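Residues per chain, in single letters:
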Amino acid sequence: MEKIEFLNLGKHPITNSYLNSKYPKNEFLYNLRLIYHSKTKLISLAKFVSPKKMFNNKYAHRASASKTMRLAYEKLAKSLIRKYKPKSILEIGSNDGCFIKHFQKIRNIGVEPCKNLADITTKMKIKTYPSFWTKKLSKKIINENGLFDIIYSANTISHIHNLKETFEAIEMSLNRNGIFILEDPSLLETLKKNSYDQFYDEHAYVFSLTALKNLTNKSGLEIFKVEKLNTHGGSNRVFFKKRINNDLKVSNKYLKYLSMEKRFGIEKLNTYKKFAKNVQNSKKALIKIFKKIKNKGNIIIGYGATYKSSTVLNYCGLKNNFIDYFLDTTPTKFGKFTPGSRIPICKYKGIPRNVKYAYLGAWNFKDEIFKKEKKYIRNGGKFITHVPYPKII
Ligand code: TYD
């Protein structure tokens, strides 16, 4: 058997479809189940949701919404310019231009299927293709612009269903000495942190280095370097080169990370069976915490109506009876309701004084949030999190 299901997280909505009304008609739901691929060790959703349902002109996520991400992209852009001196760069999933805008002095091109986002970068005078990344599109881009020194893609390749075509299109679009940099949440960190909310409709895959290596084994691309990042709850920044390019050497650190994954048991089905148990226990423990606080008549708010939190809310059945409302800094989410769980989302203007408990939807920005909310914490305000296990902080 090549594909083995190890966890069923139940019915889920499209995470990006923030609702206009608390009582929507016919909200689309799908079954969120996780699969282990025994050949490649890839971990994926059992059934993918149609990309057109997820990535449209109402796409809510803005890479620039967080200071952490703005600074991370700026720092990376500077270091790539210094190190590789690229003359051209392409970004797959350019979102609101948070990264690609730092390359205005060279040929910089964005690919972004969400029209509302592509419009933002077009207005910034960055040539943007408002399309999905396919071989057909890459041929068009090459014809119109030539090949690229760097292709960068953060939190996007894990969203694209056809990985074979994706990697082939990337390989075709790179110069002989070109590099491809992929940044996506790390499966190892997901397992260690029990952050099962990395799985939702958009995240068709959560990659291990092992799976990425296996997936590209027969392609013209090969991993030569990996950096571990704190962003999005622990990510890998994976550098690929063309196999024919021997100028870039395969780093020892990457090989070390590969063996760390092996030691953890990333290749073994049993690891995922254990993870499934931990997730089920996490659900029970989180509900217990919410019930205890609510039974004492406390208000609980959600802090950051993230896509990730959608998985937790819908899996654990946390609705408006447990979370009074969410606070978020993203304007497109204000006045809406969380998908499936239907909790109101309000504009963040600080945590109100009558609130003593806040569920950390954006747990991946814990440090940034704790810094910002010093006063709330000093006055006895608490955060609830499920990472790495349900607790009150
Ligand atoms: P993000 O990290 O992109 O997570 P996901 O991909 O799971 O949606 O989203 C972070 C969300 O949290 C975004 O809507 C902005 C919000 N947020 C706040 O409201 N306040 C904050 O201080 C931070 C850091 C984020």
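These numbers were taken from a predicted model, which means no experiment stands behind them.

Draft legend 1. Up close: the overall build of the protein chain. Assigned secondary structure in the protein chain consists of twelve helices and 16 strands. In terms of overall size, the protein chain behaves like a compact globule, its C-alpha atoms giving a radius of gyration of 21 Å where 393 residues would be expected to give roughly 21 Å. The dimensions of the protein chain, computed from C-alpha atoms along their principal axes, are 65 × 50 × 45 Å. Out of the 393 residues in the protein chain, the part that is buried amounts to 55%. In the protein chain, the share of contacts with a sequence separation of at least 24, taken over all contacts with a separation of at least 6, comes to 68%. Of the roughly 18,000 Å² that the protein chain leaves accessible, carbon and sulfur atoms contribute 53%.

Draft legend 2. Spatial organisation of the sheet that holds strand S12 (residues 325-328). If you walk across this open sheet you meet the six strands as S13-S12-S11-S14-S15-S16, and the pairing is mixed. Two strands lie at the open edges of the sheet, namely strand S13 (345-347) and strand S16 (391-392), each paired on one side alone. Judged from the three bridges that link them, strand S11 (residues 300-303) and S12 form a sheet pairing that is parallel. Paired with Gly302 across the strands is Phe326, a residue of S12. Contacting S11, strand S14 (357-360), strand S15 (382-385) and S16, helix H9 (residues 269-295) runs over the sheet at an angle of about 150° to S15.

Draft legend 3. Broad picture of the nonpolar core. Of all hydrophobic cores here, the largest spans 52 residues; its most connected members are Leu34, Phe275, Phe290 and Ile384. Only strand S1 (3-12), strand S2 (30-37), strand S3 (43-45), helix H6 (187-193), H9, helix H10 (307-316) and S14 provide two or more residues apiece to this core. If sequence neighbours within four positions are ignored, Phe290 has contacts with Ile300, Leu318, Phe322, Ile323, Tyr359 and Ile384.

Draft legend 4. Region of the structure containing helix H7 (residues 209-216). For H7, every residue scored as buried is listed here: Leu209, Thr210, Ala211, Leu212 and Thr216. Among the structural elements, helix H5 (163-173), strand S8 (174-185), strand S9 (221-229), strand S10 (235-242) and helix H8 (252-264) are those in contact with the buried residues of H7.

Draft legend 5. Spatial organisation of the packing of H9 against H10. Where H9 meets H10, the axes come as close as 10 Å, and the angle between the chain directions of the two elements is 80°. Compared by their axis directions, H9 and H10 come out roughly perpendicular. In this structure, H9 contributes Val279, Gln280, Lys283, Leu286 and Ile287 to the contact, and H10 contributes Val312, Tyr315 and Cys316. Class assignment for the residues of the contact of H9 with H10 results in six nonpolar, one polar and one charged.

Draft legend 6. Expanded view of the environment of Ile100. Counting through the fold element by element, Ile100 comes out in the loop between strand S4 (88-92) and strand S5 (107-111). With relative accessibility at 0%, the residue Ile100 sits in the buried group. When the C-alpha atoms of Ile100 and Ala285 are compared, they prove to be 42 Å apart, with 185 residues separating the residues in sequence. Apart from residues lying up to four places away in sequence, Ile100 is in contact with Ile89, Glu91, Ser94, Asn108, Ile109 and Ile126.

Draft legend 7. Summary view of the pairing of S14. Here S14 shows no split at all, with Tyr357 and Tyr359 on one side and Ala358 and Leu360 on the other all buried. Pairing geometry for S11 and S14, over four bridges, is parallel. In the strand pairing of S14, Ile301 is matched with Ala358. Across three bridges, S14 lies against S15 in parallel orientation. When the sheet's bridge partners are listed, Tyr357 is paired in S15 with Lys382.

Draft legend 8. Layout of the site of the ligand. Residues in close proximity to the ligand total 18 residues, the closest being His61, Tyr307, Asp328, Lys333 and Lys372. With respect to the ligand, the side chain of Asp328 contributes an N or O atom lying 2.9 Å from an oxygen atom. The separation between an oxygen atom of the ligand and a polar side-chain atom of Thr330 is 3.0 Å. Its residues assigned to classes, the shell around the ligand comprises six nonpolar, seven polar and five charged.

Draft legend 9. How the structure looks around the packing of aromatic side chains. A complete count under the given rule lists 25 aromatic pairs for this structure. Ring centres of Phe6 and Tyr272 lie 5.3 Å apart, and the angle between their planes is 50°; on these two criteria the pair is classed as tilted. Of this pair, Phe6 sits in strand S1 while Tyr272 is found in helix H9, placing the two residues 266 residues apart along the sequence. Measuring from ring centre to ring centre gives 5.6 Å for Phe48 and Tyr205, while their planes differ by 65°; the resulting arrangement is edge-to-face. Placement of Phe48 in the loop between S3 and helix H1 (51-54) and of Tyr205 in the loop between H6 and H7 is noted, with a sequence separation of 157 residues between them.

Draft legend 10. Highlighting the state of the cysteines. All told, the structure shown has zero disulfides when counted by the stated rule. For the unlinked cysteine Cys98, the closest cysteine sulfur is that of Cys114, found at 15 Å. Judged by relative accessible area, which is 3%, Cys98 ranks as buried. Using a relative accessible area of 1% as the deciding quantity, one classes Cys114 as buried.

Draft legend 11. Representation of the sheet that holds S1 in the model. Here three strands make up an open sheet; going across it, the order is S1-S2-S3 and the pairing antiparallel. Strands with a single pairing partner mark the edges of an open sheet, and in this sheet they are S1 and S3. On average, each strand axis in the sheet is tilted by 20° relative to the strand beside it, whichever way the strands run. Pairing of S1 with S2 involves seven bridges; the strand directions are antiparallel. In the strand pairing of S2, Lys3 is matched with His37.

Parameters and conventions
- Residues numbered from 1 in each chain as written.
- Predicted model: local features only at pLDDT ≥ 70, side-chain atom pairs only at ≥ 80, totals over all residues.
- Heavy atoms only, no water.
- Helix = DSSP H or I, 4+ residues; strand = E, 2+ residues; numbered from the N terminus.
- Rg over C-alpha atoms; globule rule 2.2 N^0.38 Å.
- Buried < 20%, exposed > 50% of the residue type's maximum accessible area, 1.4 Å probe, protein only.
- Contact = heavy atoms within 4.5 Å.
- Areas by Shrake-Rupley, 256 points an atom, 1.4 Å probe, with all protein chains shown as cover.
- Pairing = 2+ DSSP bridges.
- Axes fitted to C-alpha atoms, helices over the stretch in contact; angles between N-to-C directions.
- Core = buried A, V, L, I, M, F, W, Y, C linked by side-chain atoms within 4.5 Å.
- Parallel < 35°, antiparallel > 145°, perpendicular 65-115°, else oblique.
- Nonpolar A, V, L, I, M, F, W, Y, C, P; charged D, E, K, R; others polar.
- Near = heavy atom within 4 Å.
- Polar contact = N/O pair within 3.5 Å; in protein donor to acceptor, adjacent residues only side chain to side chain.
- Phe/Tyr/Trp six-rings, centres within 6.5 Å; stacked < 30°, edge-to-face > 60°.
- Disulfide = S-S within 2.5 Å.

Without other data, these values stay purely geometric and don't point to any function.
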